[in-house]
Number of protein chains: 2
Amino acid sequence: MFRGLSAFPLTPTGEHGIDTAAYTALVARLAAAGVDSIGALGSTGGYAYLTREQRAHTARAAVEAADGVPVVVGIGALRTSHVLELAEDAQKAGASGVLLAPMTYQPLTEDEVFGLYEDVTRELSVPLCVYDNPGTTHVRFTDELHGRIAQLPNIGSIKIPGVPEDPRGAERRVDALRALIPGTVTIGVSGDWTAARGLNAGCDAWYSVLGGTFPRTALALTRAARDGRAGEAAELSAGLEPLWALFRRHGSLRVMSAAASHLGLTDEPNLPRPLRGLDGTARREVVAALDALGLTS
Amino acid sequence: MFRGLSAFPLTPTGEHGIDTAAYTALVARLAAAGVDSIGALGSTGGYAYLTREQRAHTARAAVEAADGVPVVVGIGALRTSHVLELAEDAQKAGASGVLLAPMTYQPLTEDEVFGLYEDVTRELSVPLCVYDNPGTTHVRFTDELHGRIAQLPNIGSIKIPGVPEDPRGAERRVDALRALIPGTVTIGVSGDWTAARGLNAGCDAWYSVLGGTFPRTALALTRAARDGRAGEAAELSAGLEPLWALFRRHGSLRVMSAAASHLGLTDEPNLPRPLRGLDGTARREVVAALDALGLTS
């Protein structure tokens, strides 16, 4: 399950709640395109902004709409006891796996981060993907900490942030982590603009924001890389650079939010406040990039 | 209300919930010592880890135990609609003011931070203290942003992080901010080890972690500074350096957690996981510092 393209859809959320019909259609679209797994309630899915009840509802909707494609559900919360409740809800909803970022308010020590994964994996009956996302959690995982956590029961994968720019550096980064974790634990890359480099360097999976709204484009890149056509994967990624530049400037969530509403896949607003959608120039740049890439048809 | 010593107590929280009896006693102790206000459910009060129901319960308990001393209640949450619910609960509980940090998961733009305060102050009937705490929120307030927010209705104070080390630099920092905000908005310092410098530089208030457990010590320092005895305030602060060093190393929350349980004011654990109390060497250092300062009797 933690291999190939894992696509992370938005959870369209206005001030009046979640638009379940739009969400179901987004998930069904991913399943129809043939993604390898669906990452429900990831960062792109806005898990951090939703209540327990909304998250349980969304997890159930995702599993139903996924039509047999494995669904990985984000269970992150600031407090361990809340994470455990969310894990229970996700499993009841039929999740094939769970995704856990160490959310922080008070900065956590390494032992506290380890303790979180220890407390949670002990209670799980599905595999867990460790979600290393310093941009949102401000936790800096060392490879040694990844190594300790990867020995825990039920760890299935590690979702790493982007890999270094040069292909050799990317390979060294993946190899260094691989040497510290059991062979059963996969490594998946995120930071979409580094995905081709990560996959070409040996990552098993791409945890993809782009794939949550544009699954065919993300699948083409993933398959090229996983089938050994490294140059083709790199070229596909280079072609997407106008979009990657917008991801880096505005955050991939806001760009996909604008794209999804432009394509009519969701209403507006589709992000919960205090987050705001892009407007003015930024919005026009997203639309122009999608047009240039043929992603609006 | 946003002047003098504002004392921030712990909310003793074990795996089975909040210890209301211990909390009530902590708050009553602050009121009896004569603090100027009580900061319930601040960062030290673990607001980010509690449910809406727990926070409403804690706010009510604080107002009751404060016996007429103004209570400022923390209403921070990741989502604006949740902040609005918490503001309503705090006001119903009898809060004299509210404290709002721009919690983040997705990094926020300046306009999003401003929009949060705009959306919330519009609905308030008590004054709000803007809580600038980059260590937990990772939001970097510019003085220009503070200036924009301070023009909104119902803004009563700004809680700034520590001031620069040299007294002149501290004065410049406070003066620069003061020039951009209305005269009705007070400035309060936090980062306890910089409190004497901040008060001596003209801050109106000390938003104090130390004061939440050791109100008499914090009051002596506050009164010296506010009465113009700057040298005495600086000396009192210098005497507390062993404790400040531990605050900087372990976080003030963990140090006050260890102190409160050592003094028998709370059971253990008193922090919600994934946070862990200090143990071993760190715990012994806290006890030794308290002993040396005469704070254990």
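Residues numbered from 1 in each chain as written. Chains lettered and ligands numbered in written order. Predicted model: local features only at pLDDT ≥ 70, side-chain atom pairs only at ≥ 80, totals over all residues. Heavy atoms only, no water.

As recorded by an unreviewed UniProt entry, chain A carries the name Dihydrodipicolinate synthase family protein and is attributed to Streptomyces lavendulocolor. Per UniProt, the comment on chain A under Sequence similarities (unreviewed entry) is "Belongs to the DapA family." (UniProt positions renumbered as here; feature names shortened; annotations may be inferred.)

This brings us to the overall build of chain A. On a plain count of helices and strands, chain A comes out with 14 helices and 10 strands. Its C-alpha radius of gyration of 18 Å places chain A within 12% of the 19 Å reference for a compact globule of 297 residues. Overall size of chain A, expressed as C-alpha extent along the three principal axes, is 45 × 45 × 35 Å. Counting only contacts in chain A whose residues sit at least 6 apart along the sequence, the fraction spanning at least 24 positions is 71%. Carbon and sulfur atoms make up 50% of the accessible area of chain A, which totals about 11,000 Å². (Helix = DSSP H or I, 4+ residues; strand = E, 2+ residues; numbered from the N terminus. Rg over C-alpha atoms; globule rule 2.2 N^0.38 Å. Contact = heavy atoms within 4.5 Å. Areas by Shrake-Rupley, 256 points an atom, 1.4 Å probe, with all protein chains shown as cover.)

Further remarks concern the interface of chain B and chain A. In this complex, chain B contributes 38 residues to the contact, which on the side of chain A involves 38 residues. The junction of chain B with chain A conceals about 3,400 Å² of combined surface from both sides, 51% of it contributed by carbon and sulfur atoms. It is B:Y49, B:R79 and B:Y105 that lose the most area in chain B upon contact with chain A, and together they represent 25% of the buried surface on that side. Here chain B and chain A share six salt bridges between them. A:E112 is the salt-bridge partner of B:R254, the closest N and O atoms lying 2.6 Å from each other. (Buried area = accessible area lost by both parts, 1.4 Å probe. Salt bridge = Lys/Arg side-chain N within 4 Å of Asp/Glu carboxyl O.)

The transform that puts chain B on chain A rotates by 180 degrees and translates by 0.0 Å along the axis, for an RMSD of 0.0 Å. Considering both components of the superposition, the chain copies are consistent with a two-fold axis. In terms of C-alpha distance to the rotation axis, chain B has B:H138 as its closest residue, with the C-alpha 4.2 Å off the axis. Both copies share a contact surface, since 100% of the interface residues of chain B are interface residues in chain A too. (Least-squares fit on C-alpha atoms with pLDDT ≥ 70 in both.)

With that out of the way, let us pick up the pairing of strand 6 (residues 97-100) of chain B. Successive residues of a regular strand alternate their side chains across the two faces of the sheet. All names here are of chain B. Of the two faces of strand 6, both are covered, the one formed by G97 and L99 as well as the one formed by V98 and L100. Across three bridges, strand 5 (residues 71-74) lies against strand 6 in parallel orientation. Of the residues in strand 6, the one forming a bridge with V73 is V98. Regarding the hand of the β-α-β motif, the stretch spanning strand 5, helix 3 (residues 80-93) and strand 6 is right-handed. As judged from the three bridges shared by strand 6 and strand 7 (residues 128-131), these two strands associate in the parallel manner. If you follow L99 over to strand 7, its bridge partner there is C129. For the segment spanning strand 6, helix 4 (residues 110-121) and strand 7, crossover handedness is right-handed. (Buried < 20%, exposed > 50% of the residue type's maximum accessible area, 1.4 Å probe, protein only. Pairing = 2+ DSSP bridges. Right-handed = clockwise from strand over helix to strand, strands pointing away.)

On to the packing of helix 4 (residues 110-121) of chain A against helix 6 (residues 143-150) of chain A, then. All names here are of chain A. Their axes nearest at 10 Å, the elements helix 4 and helix 6 cross at an angle of 25 degrees. One way to sum up the angle between helix 4 and helix 6 is to call them roughly parallel. Relative to helix 6, helix 4 is oriented so that their crossing is right-handed. The residues of helix 6 that touch helix 4, namely those facing E110, D111, V113, F114 and Y117, are E144, L145, R148 and I149. Split into classes, the residues belonging to the contact of helix 4 with helix 6 amount to five nonpolar, no polar and four charged. (Axes fitted to C-alpha atoms, helices over the stretch in contact; angles between N-to-C directions. Parallel < 35°, antiparallel > 145°, perpendicular 65-115°, else oblique. Left-handed = near helix turned anticlockwise from the far one by under 90°. Nonpolar A, V, L, I, M, F, W, Y, C, P; charged D, E, K, R; others polar.)

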